Every structure is written in structure tokens, then in C-alpha cells.
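The lines below spell out each chain.
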Amino acid sequence: IIIVFLGVLGLIGLSLQKRIKEIGIRKVLGSSVSGIIGLFIREFLSIIGVAGIIACPIAYLLMNHWLKAYVYRIDLTWLPFIFAIGILGVLTAVLIILQTLRVANSNPIDSLRTE
């Protein structure tokens, strides 16, 4: 889990670094910080949603096949998969909010000065 969150943190940081001028232009044109945060949250949560839709059925089938080999069988439900995707989504949203607040609250002139 820690490795996943470090990867997500790196991906968010890279995306923000590549789009820092866009954020500066949006702020100069009157966009609010919450609008900028919403933009990044929608982008990353859609990626997490697609990844969950692809990964959960595959993991369910593999786990179900693996659990059939045991003498004492249990039923595998969808609840752990939904719980894992939900926790990942919430923690990703928190990371996005923290990283975007840092960038969006900076002076937009600093990011646009190189132009």
C-alpha cells in the first residue's frame, strides 16, 4: 500500500509540475482554487475508476480459482474489492488536494515569468 501511494504521489507531482503554467494561466483568468482542485480530482479519480473496473474482475477470478484449492472453502464477495478501490480513491483525493493547494496558492507570476 505504501508503494502504491508513493507512486500516486509521484504521478500527481509530475502532473502538477508539467501543468504549472496552465494552473497559473487559470488563476490569472479568474479560476478558483477549488475549481483547479476539482479539475485534477476528476482526472485522477477517472483513472482510478477505469483501473478498478479492469483489475477487480481479474483479481476476483484469480482469487476464486486459488481459494478453490483449499479444503475449507470460503465465499469471496465483492466487498473487499469495493472497499479497496474506495480507500484508494479517498486517499488519492486527499493527496491531490494537498499537492494542488500548494501549487494553486503560489503566485501565478512566478510560474508565468519564463514566458
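The coordinates are above.
Residues numbered from 1 in each chain as written. Predicted model: local features only at pLDDT ≥ 70, side-chain atom pairs only at ≥ 80, totals over all residues. Heavy atoms only, no water.

Visitor: Looking at this model, I keep getting lost on the environment of Ile12. Mind explaining?
Guide: For Ile12, the location among the structural elements is in helix α1 (residues 2–18). When its relative accessible area of 1% is taken as the criterion, Ile12 is described as buried. Considered as a pair, Ile12 and Val94 are 82 residues apart in the sequence and their alpha carbons are 11 Å apart. When near neighbours in sequence (up to four residues on either side) are disregarded, Ile12 contacts Phe44, Thr92, Leu95, Ile96 and Gln99. (Helix = DSSP H or I, 4+ residues; strand = E, 2+ residues; numbered from the N terminus. Buried < 20%, exposed > 50% of the residue type's maximum accessible area, 1.4 Å probe, protein only. Contact = heavy atoms within 4.5 Å.)

Visitor: Looking at this structure, I do not really get the pattern of salt bridges. What am I missing?
Guide: Taken as a whole and judged by the stated rule, the model has three salt bridges. Where Arg19 meets Glu43, a salt bridge forms, and the shortest distance between an N and an O atom there is 2.5 Å. One end of the pair, Arg19, is in the loop between α1 and α2 (20–28); the other, Glu43, is in helix α3 (residues 33–67), and 24 residues separate them in sequence. What makes Glu43 partly exposed here is its relative accessible area of 28%. The structure contains a network of salt bridges with shared partners spanning Arg19, Glu22, Arg26 and Glu43. (Salt bridge = Lys/Arg side-chain N within 4 Å of Asp/Glu carboxyl O.)

Visitor: Just checking my understanding: could you explain a nonpolar patch on the surface for this structure?
Guide: On the surface, Val50, Ile54, Ile58 and Leu62 cluster together into a nonpolar patch covering about 400 Å² of accessible area. Structurally, Ile54 can be placed in helix α3. Under the relative-accessibility criterion, Ile54 is labelled exposed at 54%. (Patch = residues over 30% accessible without salt bridge, like charges linked within 9 Å, V, L, I, M, F, W, Y side chains within 5 Å. Areas by Shrake-Rupley, 256 points an atom, 1.4 Å probe, with all protein chains shown as cover.)

Visitor: How do you make sense of empty space enclosed by the protein when you look at a structure like this?
Guide: Rolled over the atoms, a probe sized like a water molecule indicates the empty space that remains. Following the criterion strictly, the structure yields one cavity of 30 Å³ or more and no others. Roughly 40 Å³ of volume is contained in the largest cavity. Lining the largest cavity we find Ile20, Ile23, Gly24, Lys27, Val103, Ser106, Asn107, Pro108 and Ser111. Counting only elements with at least two residues in the lining of the largest cavity, the list comes to α2 and α5 (108–112). For the lining of the largest cavity, the element with the most residues is α2, which contributes four residues. By residue class, the composition of the lining of the largest cavity is four nonpolar, four polar and one charged. (1 Å grid on protein atoms, 1.4 Å probe; cavity = no way out; pocket = protein on both sides within 12 Å on 5 of 7 lines; lining within 4 Å. Points joined across faces, edges and corners; volume = space filled by probe spheres on them. Nonpolar A, V, L, I, M, F, W, Y, C, P; charged D, E, K, R; others polar.)

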